[in-house]
Amino acid sequence: MPEVEYTTTAKLPVDTIWDFVQEMDNWAPFVAGYQSHEKLSEKESTWTLKGDVGVMARTVKFQVLIEEWAGPERVTFSLKGLNEVMEGSGTFQLAPYEDETAAPAAGEPAPPTGGLLSRLFAAIARFFYGLVHGRAERAQSADAGPAAGTSRLTFHLRVDPGGPMAPMVNAMMKPMLTPAAEGLANQIMATLEKRHGLE
Amino acid sequence: MASAPAQWDLEVDVACVGSGLGALSAAITAHDLGASCVVLEKADKLGGLSGFGGGEVFVPANRCMKELGLDDTLDEGRAYYEFVAAGFQSQPHMDKLLATMHEAIDYMGEKAGVSWKACQGLPDYYYADAPGSKASGRYLSVDLFDAKTLGEWQQKTWLTPIMPPGALHEEMYAWGGLAKVTEWDYELLGQRIAEDLRSFGPGMMGFFVKAAVIDRQIPAHTETPVRELVTDDAGAVIGVRCEKGGSDFFVHARKGVVLAVGGYDHNKPMATMFEEMEDWNGVFPAYLDGDHLVMGPEIGAAIASVPNTNLALFYGYQIPGEEVDGRPLWRSSWEGGCPHAIWVNKEGQRFCDESFYKDYQPRIREWDGKKQEQPNTDIWLVFDGNYRERYPLGSFMPGQPLPDEMVVVADSLTELAQRMEVPASNLEATVAHFNEGAEKGEDPDYGRGSMPWAIRLVGDESYPNPLLGPLTKGPYHAVRLRPVSVGINSHGLRWNLDAQVEHVRGHAIPGFYTVGNSAALLDIGGGYQSGTSNSRAITWGYVAGRHAAGQAAR
C-alpha cells in the first residue's frame, strides 16, 4: 500500500500552526487535485479530488473521519472511498523543534547517532532520499533549523486501494503521494510564514 | 497556403508533421538515407494516435510467424486483405502495400530496434469464414519497452487508459481476456508500472520515439502545430508555417513534407459531413482535427474516400470524472458481448451481434425511412445481477459502486425500461426472447458466439457459448451508449504509389507526402481489420521517407 510521511519546519510556534490546521477550510485547497469538500459534522467530511495517475485523471470521492483530535499536537483521521474501493489513514503531527534530538520523520533516514562512518552513511542516505523523493515548491532551505519558537509539522498518509486491481493501483498512486504530502505540508507552512511576515 | 519567408527559422531536408507511426517511420527511414529531418507535433507529447491505441500491426506471413512455425503465405494474406476491402480498394495501392510491408516492418525491427513479436492466440477478425484468414500470429506487437531509456521524453510520450498498462497481448488472452479481468496478474502489472515498462501502443511508440529522437537525435518539436504548407512558384511544397510559442515558426523542408496528422474525429463539421453522422465522438485526444484536409486542399490536393460503412466505429460511454488531456474520456464499450448483457435501441429491441463490431457497425448508421431517423445511434447497454457479480464495467470492478449519473438501476425490467424511457413491453419481450436462446447457447437472430475473434476478446470460456448468458437476476442495469470513433476515417488525402499527395488535376504535388490515417484508405478499401492502420502507417512512412530522401533539394 502506498504510504508517505513528510516533515517540514517553520519559525512559528505550535499554537499558531495549530490554529490554522484545525480549520480544514484553511488548507483544503492545498490538497493535490482538490475540487471540493463538505463538512458533515465536527468529525466527518467528504472530499472530491481529481487525481492524475499518468494514463488519465480520475475524480475520487471519499469520506474523512477524525479519529483523534489531540490539539495542539496531533490529528488522526481515517478515509474511505465513496466511488472507489479504497481505505486509508493519516495524521498531522505538530511538535516544538528546539534541539537536535528532535525525532526525524519516519520516511526519512535517521540522523547519525554513531561514529563517523555511520554519520557518513546517514548523510548519503539522506541525500539519495532527497533525490528520489524530490522536494515540493517550498525549498528545503526554507525550513527552519531547531530553535526556540520553531515547530515541526509532520504529515503522514497511507492509502490502501482494494479490489483485484489493488497492486496495479498501488503502483500508479505511489509516485503521486510524496509530492502531494510535500505540497500540502509546505503550502501550509508557506502560507503561515507569509501571513506572519517570515517569507 | 503561405509563401516562403525572408528568413527560415529551421532548415532540414524532410519535415515530418505528426509523431505517430507514419511520421516517425518516414523520419527514421529518411534519416538513415542521409536526409536531415525534424518532427513537428501539435500535442505536448510524442506518439500520436499510435501511442494511445492497442499497438497491433497486422502483417500476414510475418517473420515472427515463420519463427513460431505458424503456417501462412503471402497469397493467403492477399486473399484476406481483398475480402476485407470488399472491392473498394485501389488494387495498385494494395499490391504495393503488401509487396513492401515486410521490408518496412523488418527494417524497423533490424535498424530501428523495434522488438516485434507475434500476438499468439488472436484470430483475424473474419476467421474462419473469410478466404485466407488465420487463427493466430498475424498481429505483431512489441515486447515490453523500458521507458526510462527515453530520457526527457519519458514524461512526454503518450500513455493510454484504454489498454491495461504493462500487459502484453498474449498475457491478456492467457489470463482469460476482458471478461476475466478480475483474475489478471495485477502484482505483475504493478511491478511493470513501477518500472515504467510499457506495452501496447505506448510500448510500440516507445521503440519508435527512441529510435528517432534518442538514437538518431532527430529533433522533435512538441506544441508546434503546423498551420500552412509553404509552396514555391511552381506549386511544390518547400516547407511549413508552424506556430511555436505564440509566434510563426517557418521550417524549410528542402526535400519534402510528410503530413501524418491522423484523421478528423474532433473536427465536428468535417466528421459530420464525411461520416454522415450527427453524433460523432472520438476516443483519442483532441488533436485529430482534420488539419490535412484543410492544408492539403488549400494548395489543390485532392480528397479521396472509401465507404464509411464498416471501418472502425464503436459504441462507448463516459465515466464521470475520467479525463485525458483535460477532456472527458470516451471508453469504447465491449461489455455488451459478455454473457448476461445485451444492447437495445430506443425501441427496446436488439439489432446486432453485440460482441462483433464488424456486424454492429453498419447498423449504427441504419436509417428508418418512415420515421426519418437513425434508430441505433442512441442505445443502451443492459445487464443483470449475474453480469454485475462477474464482469467489470469499464474500470469498475464487480462490487465497486457504479455512479448514479451513469448507470440506471432497477429491480425489474419493467422499472428499468421506464427509467430508460423505452417501451417496457418491448424490453421485456426482447430479454425473454434473448434468454430463450441464451439458455441453449444460441443466438438465432444475430449469431453471437460465431466469431472466434470476439470470443477471444470478451468471451467467458466457462460458458457453453462464451458470449451468451441470460438476463435473469436483478438488479438490472442500463448504461446509455453513443457512437465513438477511433480515428480511422473514411476520407483522406489522395496519394500515389510513392505516398505523394495528388493534385485535383491528377499529378503528384512535388515535395508533399501523406501517410497514416491522413492518407485516404485506398490501399485497404472498404473494410477494416485491426492492425492494418499501423502496418500501412509504417509501410507508407517507409516509402515516403525513401522517396523524399532521394529527391533533389528545393
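Since we're looking at a predicted model, the values are computed, not measured. (Residues numbered from 1 in each chain as written. Chains lettered and ligands numbered in written order. Predicted model: local features only at pLDDT ≥ 70, side-chain atom pairs only at ≥ 80, totals over all residues.)

### Description of the sheet that holds strand β3 (residues 57–58) of chain B
All names here are of chain B.
Argument step 1. An order of β3-β5-β4 is seen for the three strands of this open sheet, with the pairing classed as antiparallel. The open sheet has two edge strands, β3 and β4 (116–118), and neither has a second partner.
Argument step 2. The sheet contact formed by β3 and strand β5 (residues 139–142) spans two bridges and is antiparallel. Along β5, the bridge assignment pairs Val57 with Leu140. (Pairing = 2+ DSSP bridges. Helix = DSSP H or I, 4+ residues; strand = E, 2+ residues; numbered from the N terminus.)

### Some words on the interface of chain A and chain B
Argument step 1. Contact residues are listed per partner, giving 17 residues for chain A and 21 residues for chain B.
Argument step 2. At the level of secondary structure, the elements contributing two or more residues to the side of chain A that touches chain B comprise β4 (57–70) and α4 (166–195) of chain A.
Argument step 3. Looking at which element gives the most residues to the side of chain A that touches chain B, the answer is α4 of chain A, with six residues.
Argument step 4. Split by residue class, the side of chain A that touches chain B holds 11 nonpolar, five polar and one charged. (Contact = placed C-beta atoms within 7 Å. Nonpolar A, V, L, I, M, F, W, Y, C, P; charged D, E, K, R; others polar.)

### Some thoughts on the domain arrangement of chain B
Residue and element names in this part refer to chain B.
Argument step 1. As far as domains go, chain B holds domain 1 (1–57 + 100–114 + 201–312 + 486–554) and domain 2 (317–485).
Argument step 2. The straight-line distance from the C-alpha centre of domain 1 to that of domain 2 is 37 Å.
Argument step 3. Facing the 15 residues of domain 1 at the interface are 14 residues of domain 2.
Argument step 4. Considering only residue class, the side of domain 1 that touches domain 2 consists of seven nonpolar, five polar and three charged. (Domains from an automatic or database assignment.)

### Things to note about the nonpolar core
Argument step 1. By size, the foremost hydrophobic cluster in this structure holds 176 residues, and its most contacted members are Val17 and Val258 of chain B.
Argument step 2. No other element matches helix α7 (residues 200–215) of chain B, which puts nine residues into this core.
Argument step 3. Built from parts of two domains, this core gets at least three residues from each of domain 1 (1–57 + 100–114 + 201–312 + 486–554) and domain 2 (317–485) of chain B.
Argument step 4. Leave out the neighbours within four places in its chain, and Val17 of chain B touches Ala23, Leu40, Val226, Val240, Val257, Val258, Leu259, Ala260 and Val261 of chain B.
Argument step 5. Val4, Ala10, Leu12 and Ala180 of chain A belong to the second largest nonpolar core, which has 20 residues in total. (Core = buried A, V, L, I, M, F, W, Y, C linked by C-beta atoms within 7 Å. Buried ≥ 20, exposed ≤ 12 C-beta atoms within 10 Å, placed from the backbone.)

### A closer look at the packing of α4 of chain A against helix α6 (residues 186–195) of chain B
Between two packed helices, the angle of one axis relative to the other and the distance separating the axes together describe the packing.
Argument step 1. One way to put it is that α4 of chain A packs onto α6 of chain B with a least axis distance of 7 Å and a crossing angle of 15 degrees. With respect to their mutual orientation, α4 of chain A and α6 of chain B come out roughly parallel. Both α4 of chain A and α6 of chain B take part in a crossing whose hand is right-handed. Counting all contacts with α4 of chain A, which are made through Ala166, Pro167, Met168, Asn170, Ala171 and Met172 of chain A, the residues of α6 of chain B involved are Tyr186, Glu187, Leu189, Gly190, Ile193 and Ala194 of chain B. (Axes fitted to C-alpha atoms, helices over the stretch in contact; angles between N-to-C directions. Parallel < 35°, antiparallel > 145°, perpendicular 65-115°, else oblique. Left-handed = near helix turned anticlockwise from the far one by under 90°.)

### Here we look at α6 of chain B
Note: α-helices contain 3.6 residues per turn, so residues at a spacing of three or four share the same orientation.
Argument step 1. Three or more residues of α6 of chain B are buried, namely Tyr186, Leu189, Gly190, Arg192 and Ile193 of chain B. Looking straight down α6 of chain B, one finds that the buried residues subtend no more than 165 degrees of arc, so they occupy a single side.
Argument step 2. Buried-residue contacts for α6 of chain B involve α4 of chain A together with β7 (197–198) of chain B.
Argument step 3. Just past α6 of chain B, the residue Asp196 of chain B takes up positive phi, approximately 55 degrees. (Arc of directions from axis to C-beta.)

### Structural notes on helix α3 (residues 74–85) of chain B
Residues and elements named next belong to chain B.
Argument step 1. Along its 12 residues, α3 runs 16 Å from first to last C-alpha, staying within 8% of the 16 Å computed at 1.5 Å per residue.
Argument step 2. All of the buried residues along α3 are Gly77, Tyr80, Tyr81, Val84 and Ala85. Buried residues of α3 fall within an arc of 135 degrees about the axis and therefore sit on the same side.
Argument step 3. Each element contacted by the buried residues of α3 is listed here: α4 (91–110).
Argument step 4. Phi for Ala86, located one or two positions after α3, is positive at around 55 degrees. (Expected span 1.5 Å × (residues − 1).)

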